[in-house]
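Now for the letters of each chain:
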Amino acid sequence: MRFTRMAAVAAVALLALGTAACGSDEPATPAGGTPLTAKAAAGDLKFGVKADQPGLGLQTGSNYEGFDIEIAKIIAKGLGGDPAKNKYVTTVSANREPFLQQGTVDVVVATYTINDDRKKKVNFAGPYYTAGQDLLVKADSTITGPEQIDGKKVCSVTGSTPAKRIAEKYPKAQLQLFDNYSKCVTALNDGTVDAVTTDDIILAGYAAQPDFAGKLKLVGKPFSSEPYGIGVKLEDKAGCNKINEILKAAVADGSYAAAWNATLGKSGTPAPTLDTTKLTNCPA
């Protein structure tokens, strides 16, 4: 009898705990993960970022810098964490979705174009910037646009939107694929390929590097619109919405413009105007 009473008490206690949890103001825990706010508070927020894109996401030793890194810091602060405790994990275009799905990273800020195929696998906040696909060529190249790449060796990155667009819309180009853009730019510089294609802002960052100054040029004829999103797990609608709120606040308080000015703005390009009315609705 005593055992029965104790079991009943335990059951009531568990029911009470469940009721309290349902009435909590804490964000719902996404399936298979901890809420972003909790991870930020614990200093355990992991961002997937690029490591080879000057001005956007560039790794030197153990340090990461660039506009995407500054956006990651803004997100961490907005989630209630200390940006100095952010953990950065190098991603390439092909592993961004798997890294989110497997929990290797919590958030991806890595020149990550929002498209319909990716939206089936991850959730996107943003866009926080809109780029356009372009071509990087040798300074003496006669290529002036994508209509002139038939038969040319054009380099891009496996799993990237620019590579897919070249394959679909310019099938006569000889598409060469690597796992990062640095290898493409090196191949262009040594004459192994005729052009590198990705978003204009990424290409401009490479062209401005001391090793390539005066040797490479941006064609300057964008042929797409690439909205950069901030990736989170597909089921994390709450985290996605929170990041959109953080982006709105960053525009209002000037921290978005400050992030640009501290990185890409050094090239002399003024900070873009981020239209927060076009942020995603974070479906889940």
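For the structure itself, look to the data block above.
Please read these numbers as outputs of a predicted model, since none were measured by experiment.

Draft legend 1. How the structure looks around the overall build of the protein. Counting its regular elements, the protein contains 10 helices and 13 strands. Considering only intrachain contacts with a sequence separation of at least 6, the fraction spanning at least 24 residues in the protein is 70%. Carbon and sulfur atoms provide 55% of the accessible area of the protein, an area that totals close to 13,600 Å².

Draft legend 2. Focus on the pattern of salt bridges. Enumeration over the complete set of coordinates arrives at 11 salt bridges. Across the pair Asp 44 and Lys 87 runs a salt bridge whose closest N-O atoms are separated by 3.7 Å. Of the two residues, Asp 44 sits in the loop between helix 2 (36–41) and strand 1 (46–49) while Lys 87 sits in strand 5 (residues 87–90), which places them 43 residues apart along the sequence. Put simply, Asp 106 and Lys 46 hold a salt bridge, and the shortest N to O gap is 3.9 Å. With Asp 106 in the loop between helix 4 (96–102) and strand 6 (107–113) and Lys 46 in strand 1, this pair connects stretches of sequence that are 60 residues apart. Note on accessibility: Asp 106 and Lys 46 belong to one class, buried.

Draft legend 3. Spatial organisation of the pairing of strand 11 (residues 195–199). Strand 11 sits mainly inside the fold: 5 of its 5 residues count as buried. Relative to strand 11, strand 8 (residues 133–138) is paired through 4 bridges, and the arrangement is antiparallel. Considered in strand 11, the bridge of Leu 135 is made with Thr 197. By the bridge criterion, 2 bridges tie strand 9 (residues 153–157) to strand 11 in an arrangement that is parallel. In the sheet register, Val 154 faces strand 11, and the bridge partner there is Ala 195.

Draft legend 4. Here's a closer look at the state of the cysteines. Overall, the coordinates contain 2 disulfides when judged by the stated rule. Through a disulfide, Cys 155 is tied to Cys 184; the S-S separation comes to 2.1 Å. As the torsion about the S-S bond is roughly -70 degrees, the Cys 155-Cys 184 disulfide counts as left-handed. Of the two residues, Cys 155 is situated in strand 9 and Cys 184 in helix 7 (residues 181–189); the sequence distance between them amounts to 29 residues. Like Cys 184, Cys 155 is buried. For the protein, the bonded cysteines connect in the pattern 1-2, 3-4 when numbered consecutively along the sequence.

Draft legend 5. Quick look at unusual backbone geometry. Each neighbour pair has its own omega, and for Gly 126 with Pro 127 the value is 5 degrees, a cis peptide bond. On the secondary structure map, Pro 127 appears in strand 7 (residues 122–131). Positive phi is not limited to glycine here, since Cys 282 has a value of about 50 degrees. Note that Cys 282 resides in the segment after helix 10 (255–261). Judged by its relative accessible area of 0%, Cys 282 falls in the buried class.

Criteria and cut-off values
- Residues numbered from 1 in each chain as written.
- Predicted model: local features only at pLDDT ≥ 70, side-chain atom pairs only at ≥ 80, totals over all residues.
- Heavy atoms only, no water.
- Helix = DSSP H or I, 4+ residues; strand = E, 2+ residues; numbered from the N terminus.
- Contact = heavy atoms within 4.5 Å.
- Areas by Shrake-Rupley, 256 points an atom, 1.4 Å probe, with all protein chains shown as cover.
- Salt bridge = Lys/Arg side-chain N within 4 Å of Asp/Glu carboxyl O.
- Buried < 20%, exposed > 50% of the residue type's maximum accessible area, 1.4 Å probe, protein only.
- Pairing = 2+ DSSP bridges.
- Disulfide = S-S within 2.5 Å.

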